[in-house]
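# An overview of the molecular structure
Take a look at the letters that make up each chain.
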Amino acid sequence: MTTSPTDGSTIPPASEASSEPVPPPARRPPTGRKRAGAVLTAPLSWLPLLFLAAIVAVLLYASDFHNFGLSFWGPNWFPDPLDPASASYGVLVFAVGTVLTSALAVFLAGVLSIGLAISLVMFLPGPLARVLALFVDLLAGIPSVVYGIWGYVVLAPYFANDLEPALQSHLGFLPGLGGSSVEIAGGTGLLLAVLVLTLMVVPLTTALVRDSLRSVPRALEESGLALGATRWEVVRRVHLRYARRGIFSAVLLGLGRALGETVAVFMVIGNQVRFPPTLYSGTSTIATLLVGQFDSAFIYPDLLRALVEIALVLFLITLAVNVIGRRFLTDGGLGRIALEAGPEKAAS
Amino acid sequence: MTATVDPVWGTDSPRWRRRVAADRYVSYLLPLLFLAVLYPLLDLIYWIGAEALPTLSWRTLTTNPSGFGGGLLAPITGTLYLIAISTALAGTVGIVAGMYTAEFASPRVASLGRLGGNLLAGVPAIVIGYFGYFALVLYTHWGMTLVAGGITLSIFMIPYIYRTADLAFGSVPADQREAAFGMGASRGQYLRRVAWPIAFPRILTGIFIAMAIGLGETAPLLFTAGWNFVPATGLSSQTSYLTGLIWLYYSAPTDFGTELALAFQAAFLLIVIVIALNVIVQLIAERYRRRLRGLFR
């Protein structure tokens, strides 16, 4: 008997089968129509990659391959439309602003979201966890201009009149929290930008950390509990250790989001071109420079080229951060969408 | 004789009590971190509502913005037009691309496509805005137009729809799939009659999430859609939009005109729409989960 009654395919004689394993059944059933459908739909699935390439090409073209040099990273930002020879386009100030705001915001968001994710996965009863997760999701849905106007109109006066003077008088001995009261100005500045940015990054990192905590095999968790460990010990020794790659990737993807955040940061950071002496001081980031100066650059080619180059650099940096972040992500989630229970979870 | 309890490891030892106490403290204290997130969220919603509601009226929704105030008619219609254009474009591209990736592509090509989608989702909005300005406003000689804004916005929305479509088509239960092909269905018949009805609700959630994200975007539109005090009259006219109005008016003085109130009203409308879309997504997702559970039985 060499044919199987169920699928009709020929099973090779035992002597051959032992030397070569039977290949797994093809994933796709072969049908003649495949080619037409595939040819029609294929180009659109290349579109995202194509857009990435097009962004690089267009920005490179628009910048005239002009100014990439060491002076580009210098500390002097001095665009002068009347005297192009003495103009200088160093972006160091903005790079420092971007690094400071995103690093602080991602640190806060990372710590916060690890705590939130652990509570959601381990400590809160199911229905409550689901409701709280919905609220965290909602945070991701609030438009960035709305964060901006709230920060500018509601938070900034509170920061200027109450929070920041209090911080300054009580914690002024800490680096960055002291300084002259002039720095507080209208309340807009580094601190406000960091806090608004943290709120905007938290939903993404929480969702990703939660997914990676959920990916811990149930058997590992239960064997920890069976050995007599408390839930907190299991979280620390099993979950956090098993999910550390996922947590790292969540932080990196959050960083990618924070680096590029533009509108809300522009509205609350104070927009001064200088290195911030204190946490209360107004400063700028690369993204706020890009959005704030573009209008005036329409009639001013040198500035436009400089801005385009900076945009390209910002693009490449966020792309690199995202690529690295995704390498550590096991299930390739997209933040909010990864939250939605897949059919695999629904089935169990 | 009762069994002796181990002095170090037993359930009566001080060590054990310490461990249990630590567990209890953490399980009570850690969830308090939610206050750090929920308090700002509620504060934001409260303040936007408190600033917007007292002056929000039917007139606000039906008159155009003017120099010192007016209403929101033009931005509301502009946002609707922009979302309509970008959802149509991004929906088509995303669904078809997702179908290809889940159904036709080889694993290598599929993973490349997914990588492209995920990376596109990570591109800063302002960079997409720059790209849109050069590619669709400057080099096409269109100038700032509704259609340029819509296309730029669709670039932003594609990854979300693409990803959900890919997931939705990819997660059609194997039973259903094999049953269809076992009965001799062609691939087209399978996709139309079997996969689409199962995948559609989930794709819809992706579309709504993408719409909520598109509605709230400002940076890609600032340099592509232009500005307009009356509703856009065609694809090639400039348009205003709700987020743009907030961007324009947020720093207006409080004691002069009603521009700031108008910005808060626009913010309030955006929040209401976003919450509504989120609720719809949850309702669809809940039904979808229940239906899939039925399919698996």
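Residues numbered from 1 in each chain as written. Chains lettered and ligands numbered in written order. Predicted model: local features only at pLDDT ≥ 70, side-chain atom pairs only at ≥ 80, totals over all residues. Heavy atoms only, no water.

### Focus on the overall build of chain B
Let me state the cut-off plainly: Counting from the N terminus, the helices are DSSP H or I runs at least four residues long and the strands are E runs at least two residues long. Only protein chains enter the accessibility calculation, which uses a 1.4 Å probe; a residue whose area is less than 20% of its type maximum is buried, one above 50% is exposed, and one in between is partly exposed. Here a residue-residue contact requires only that any non-hydrogen atoms of the pair lie within 4.5 Å. Values of accessible area rely on a 1.4 Å probe in the Shrake-Rupley scheme; residue burial ignores everything except the protein chains shown.
Each helix and strand counted, chain B has 12 helices and 2 strands in total. Counting only residues that meet the buried cut, chain B has 58% of its 297 residues in that class. Of all intrachain contacts in chain B linking residues separated by at least 6 positions in sequence, the fraction that spans at least 24 positions is 74%. A total of about 13,000 Å² of accessible surface is found on chain B, and carbon and sulfur atoms cover 66% of it.

### A short note on the overall build of chain A
Of regular secondary structure, chain A possesses 14 helices and 2 strands. The burial tally for chain A puts 53% of its 348 residues in the buried class. Partitioning the intrachain contacts of chain A with sequence separation of at least 6 by distance along the chain shows that 73% fall at a separation of at least 24. A total of about 16,100 Å² of accessible surface is found on chain A, and carbon and sulfur atoms cover 66% of it.

### Examining the pattern of salt bridges
Basically, it comes down to this: Salt bridges, as used here, are contacts in which a Lys or Arg side-chain nitrogen is within 4 Å of a carboxyl oxygen on Asp or Glu.
Per the counting criterion, the structure on display carries 10 salt bridges over all chains. Across the pair Arg218(A) and Glu222(A) runs a salt bridge whose closest N-O atoms are separated by 3.1 Å. Of this pair, Arg218(A) and Glu222(A) both sit in helix 7 (residues 218-226), 4 residues apart, which is roughly one turn of that helix. Here Arg218(A) falls in the exposed class, since its relative accessible area comes to 58%. Its salt-bridge partner being Arg19(B), residue Glu233(A) comes within 2.7 Å of it at the nearest N-O pair. Note that Glu233(A) is positioned in helix 8 (residues 231-242) and Arg19(B) in helix 1 (residues 14-29), a pairing that runs across two chains. On the basis of relative accessible area, Glu233(A) is assigned to the buried category, the value being 13%. The class of Arg19(B) is buried, set by a relative accessible area of 17%.

### Digging into the interface of chain B and chain A
The line we're drawing: Buried area: the accessible surface (1.4 Å probe) lost by two parts on joining, summed over both.
Opposite the 90 residues of chain B that make contact, chain A presents 93 residues. Carbon and sulfur atoms supply 77% of the area that chain B and chain A bury against each other, a total of about 8,600 Å² over both sides. For chain B, the biggest contributors to the area lost against chain A are Phe34(B), Tyr130(B) and Tyr250(B); these three give 9% of the whole. Counting across the interface, chain B meets chain A through 2 salt bridges. The biggest single contributor to the side of chain B that touches chain A is helix 12 (residues 259-296) of chain B, with 14 residues.

### Description of the nonpolar core
Rules: Buried Ala, Val, Leu, Ile, Met, Phe, Trp, Tyr and Cys residues that are joined via side-chain atoms within 4.5 Å together make up what is termed a nonpolar core.
The biggest cluster of nonpolar side chains holds 179 residues, and the ones touching the most others in it are Tyr147(A), Tyr130(B) and Phe134(B). Considering every element that reaches this core, the biggest residue donor is helix 12 of chain B, with 16 residues. Residue contacts for Tyr147(A): discarding those within four places in its chain leaves Leu139(A), Ile142(A), Val196(A), Leu199(A), Met200(A), Ala264(A) and Leu44(B). Core analysis: the second largest hydrophobic core is formed by 20 residues, Ile118(A), Val234(A), Ala243(A) and Ala250(A) among them.

### Examining the packing of aromatic side chains
Residue and element names in this part refer to chain B. Note the cut-off: Pairs were defined over the aromatic rings of Phe, Tyr and Trp, the Trp ring being its six-membered one, requiring ring centres within 6.5 Å. Orientation was assigned from the angle between planes: stacked under 30 degrees, edge-to-face over 60, tilted for the rest.
Inspection of the entire model under this criterion finds 21 aromatic pairs over all chains. Ring centres of Trp196 and Phe200 lie 5.1 Å apart, and the angle between their planes is 45°; this geometry places the pair in the tilted category. Pair noted here: Trp196 and Phe200 are both in helix 9 (residues 187-215), with a separation of 4 residues, about one helical turn. Trp196 sits in the partly exposed class, given a relative accessible area of 30%. Pairing Trp227 with Tyr241 gives two aromatic rings, centres 6.0 Å apart and planes at 70°, and the pair type is edge-to-face. Residue Trp227 is found in the loop between helix 10 (219-222) and helix 11 (242-249), and its partner Tyr241 is found in the loop between helix 10 and helix 11; the two are separated by 14 residues along the sequence. Residue class for Tyr241 comes out buried when judged on its relative accessible area of 2%.

### With respect to the packing of helix 8 (residues 174-182) of chain B against helix 9 of chain B
Residues and elements named next belong to chain B. What counts here: Axis geometry follows a simple rule: fit a line to the C-alpha atoms, using only the stretch in contact for helices, then measure angles between N-to-C directions, giving values from 0 to 180 degrees. Oblique is the label for any angle not covered by the other classes, which are roughly parallel (under 35 degrees), roughly antiparallel (over 145) and roughly perpendicular (65 to 115). Crossings are classed by handedness, with left-handed meaning an anticlockwise turn of the near helix from the far one by less than a right angle and right-handed meaning a clockwise turn. Any residue that is not Ala, Val, Leu, Ile, Met, Phe, Trp, Tyr, Cys, Pro, Asp, Glu, Lys or Arg is counted as polar, Gly included; the first ten are nonpolar and the last four charged.
Look at helix 8 against helix 9: their axes get within 10 Å of each other, and the N-to-C directions meet at 150°. With respect to each other, helix 8 and helix 9 are oriented roughly antiparallel. The handedness of the crossing between helix 8 and helix 9 comes out as right-handed. Each of Gln176, Arg177, Ala180 and Phe181 in helix 8 lies in contact with helix 9, whose residues at this interface are Arg187, Tyr190, Val194 and Ile198. Tallied by class, the residues present in the contact of helix 8 with helix 9 amount to 5 nonpolar, 1 polar and 2 charged.

### Focus: the packing of helix 11 (residues 286-297) of chain A against helix 12 (residues 301-327) of chain A
Residue and element names in this part refer to chain A. Close contact between helix 11 and helix 12 brings their axes to 10 Å; oriented N to C, the two are set at 155°. It follows from the interaxial angle that helix 11 and helix 12 lie roughly antiparallel. For the pair helix 11 and helix 12, the sense of crossing is left-handed. Taken together, the residues of helix 12 that come into contact with helix 11 (itself represented by Ile286, Ala287, Leu289, Leu290, Gln293, Phe294, Ser296 and Ala297) are Pro301, Leu303, Leu304, Leu307, Ile310, Ala311 and Leu314. Looking at the contact of helix 11 with helix 12 residue by residue, the class counts come to 13 nonpolar, 2 polar and no charged.

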